[in-house]
Amino acid sequence: MAHRKNSKSNSKKEGKTAPVEHKNGKRSDGPAAEGGPRFSMFSWFVVLALLGVWSSVAVLYFDIVDYDSVVARAQEFRMNFSEVLQGKLAAYDTDGDGDFDAEDAKVLLGLKQPEERGSPEQRTETSQPVAEPSTQRAAEPLEEETAAAVPLPPFEDSAFVPDDPREDGHPYEEETNTIDTTGVLLEEPQPDDSEVEPGRYLTSSRLSQEPEAEERPEPAPEPTPGPQPSAEPEPPTGTVAPPESRQEAEGAAENRAEASKEKEKKKKPKLLNKLDRTIKPDLDAAEKLRKKGKLDEALKAFDSLVRRHPQSPRARYGKAQAEDDLAEKLRSNELLQRAIATYGEAAELPDATPDLLRAALRRRAERQQFLGRMRGSLATLQRLLEVFPDDVGLRNDLGVAHLLLGDNKGAKRIYQQVLAVAPSNGFAKVHYGFILKAENQIAESIPYLKEGLESGEPGTDDGRFYFHLGDALQRVGDDSAYFWYELGHQRGHFASVWQRSLYNVEGLKAQPWWTPQETGYTDLVKMLERNWRTIRDEALAVMDQSRGRFLPEEENLREKGEWGQYTLWQQGKRAGNACQGVPKTCALMERFPEATGCKRGQIKFSVMQPGTHVWPHTGPTNCRLRMHLGLVVPRPGCRIRCTNQTREWQEGKVLIFDDSFEHEVWQEAASYRLIFIVDVWHPELTQNQRQNLSPI
């Protein structure tokens, strides 16, 4: 407030002495009027220079803008907003006080002599603010806003540098990192988030690919121990906080990841050979069109360059990129196949630079994976390794290609090779641990998964690794599993600590247990409960006559015991001739497409023998609900837990739960338990979503 008052008084004094000229060119009386016409140009300059300053004083004095609220808001970003504003006028600071005020204006007008200032070194020490690293990241949005007010220099074609292919913003680049082998370009509509009622086990299913660090909740106390096979567990409450050492490890991992990303950004690939440098203006013009999204024009420009300069690797690589981008825009697999071929042609040309060769073949391998051409992708990566045998990153990619082919042994061998030469490589560690976990080497997989995630290296922040590390820890009785589940939730991989499915549609209502009325499938539930004896008798007949139809559970979900399943529908289709054994049951189910057409579910019988325990686990997707119809339920001893609620089956009654939430099963009765499982679409999915979602 003192500064505001001072500005007011100074402006009044200056108003009495400063010369003022009217629009008609006549000068008003004042001490400066004696200067005569020869000072008119200088007077005009002074008036124009002061207009901005006087406007600022008026804004401040008359409270046209509430700067107090602006400053208060800026403090939320841990940044002094006034320093940013003053920085714009720092060039006119004559008295060294760090801002532009009335005293500086007097010096500018020649009404006051400038004060002596310290040496440049002293000024640097006193005037440059030292920002903490943590606050810089928080202030980035504000810095971008203020920077936008500064005019940008004009674009110069001579300074244009083609994009680094490693930084291309291809819309489906992320899909290859998630190892999606469907090869289908689908876009899932996203309904609005559902509201959460207090006191209920509802969670948001709104998942994001990148975590929002600014909104990350503060850690809370360590959770209670995770679920044990012999007892009902307590849920983890609030947000799980890691011990001090874990927090340090997490911070170090983030710093290493950021450093790695910065290092990658600084490296500019050399894509031009001697021939390409002679046609650089044409290449830059074509690339500029591609960058602006004028893909048809860009493709024509690159195609023309290829015809005129058939030996130009950069022209052919640019053509491949344009075809690639256009394939995404038009959702055309045919165009994508052309791009794959053109990437290969660019890499085969003589005198292609190593950077261009690497970029073209790497992108080619990614696009081949996207189209499901796993063996072609593997061959492309092997060719790359022949050229760059010491490139650990390429060898890691080759391991992923083996995994996509289902060749776990080949992938394991590759990652062993990587770890032999780079024992701290986080990407190799987390994938090697993933393979060990798949081989049921539970305890052995834990250190690799944990250290790989802690490394923070690109490619390690994947929901599956958090999922399998937590699962492995649960199986060895380590309750730190919930720390990793919580961290996976904070990173945007899980909807909540409890709901850990990985193939989700955002915004669907999420709760562990459902009533028939909540699902809207009351007719289906009534039919099942009305005909439960018919369904039971057919299943028992199959068990007596052809027990081989009940196949052992093969997902490695059992700690112990026997668990068999007889599947009638899988991924929205009948399972072979399975319905021949239970024709009445299948005829009953045919009337309910919400079940038989559920491409992300199953319809099956499940028989579980005494002494069986199923580990805590979650289903793969939030797009379905699961119904259990009790057929043969010995009592007591058969129970199912979903989150922190445990229930028991009853013969002839339907239980409905969302199996994307953690659930666990015990069979401690004296004889077998038989139930009928019916998966149905989540009721909030639209018809379009049900048709277009890929099967699971």
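Residues numbered from 1 in each chain as written. Predicted model: local features only at pLDDT ≥ 70, side-chain atom pairs only at ≥ 80, totals over all residues. Heavy atoms only, no water.

Draft legend 1. Structural view of the pattern of salt bridges. Taken as a whole, this structure holds 31 salt bridges when the rule is applied. The shortest N-O distance in the salt bridge between K429 and E451 comes to 2.6 Å. Taken together, the positions of K429 in helix α19 (residues 426–438) and E451 in helix α20 (residues 442–455) put the pair 22 residues apart, joining distant regions of the chain. For E451, a relative accessible area of 37% gives the class partly exposed. Across the salt bridge formed by R624 and D679, the nearest N and O atoms sit 3.9 Å from each other. A residue pair is termed long-range when its members are at least 10 positions apart, and R624 in strand β8 (residues 624–632) and D679 in strand β13 (residues 673–681) qualify at 55 residues. For the pair shown, R624 and D679 are each scored as buried. (Salt bridge = Lys/Arg side-chain N within 4 Å of Asp/Glu carboxyl O. Helix = DSSP H or I, 4+ residues; strand = E, 2+ residues; numbered from the N terminus. Buried < 20%, exposed > 50% of the residue type's maximum accessible area, 1.4 Å probe, protein only.)

Draft legend 2. Spatial organisation of the packing of α19 against α20. Axis separation between α19 and α20 bottoms out at 7 Å; the angle between their running directions is 155°. As judged from the angle between their axes, α19 and α20 are roughly antiparallel. Along this stretch, α19 crosses α20, giving a crossing that reads as left-handed. Across the interface between the two elements, G426, K429, V430, Y432, G433, F434, L436 and K437 of α19 pack against I442, E444, S445, Y448, L449, E451, G452, L453 and S455 of α20. (Axes fitted to C-alpha atoms, helices over the stretch in contact; angles between N-to-C directions. Parallel < 35°, antiparallel > 145°, perpendicular 65-115°, else oblique. Left-handed = near helix turned anticlockwise from the far one by under 90°. Contact = heavy atoms within 4.5 Å.)

Draft legend 3. Just unusual backbone geometry, in detail. The amide bond that connects R635 to the next residue, P636, takes the cis arrangement and shows omega of -5°. Checked against the element boundaries, P636 lands in the loop between β8 and β9 (638–642). Phi is positive for R331, which is not a glycine, with a value near 55°. Of note in this structure, T643 is not a glycine but carries a positive phi near 55°. Tracing the chain through its elements places T643 in the loop between β9 and β10 (645–647).

Draft legend 4. Broad picture of helix α11 (residues 280–291). Given a rise of 1.5 Å per residue, 12 residues ought to cover 16 Å, and the 16 Å separating the end C-alpha atoms of α11 matches this to within 8%. Within the sequence span of α11, burial applies to L283, D284, A286, E287 and R290. One side of α11 carries all its buried residues, which in axial view fall inside an arc of 165°. Where α11 is buried, its residues meet α10 (274–278), α12 (295–308) and α13 (313–330). Within two residues after α11, G293 carries a phi angle of roughly 85°, on the positive side. (Expected span 1.5 Å × (residues − 1). Arc of directions from axis to C-beta.)

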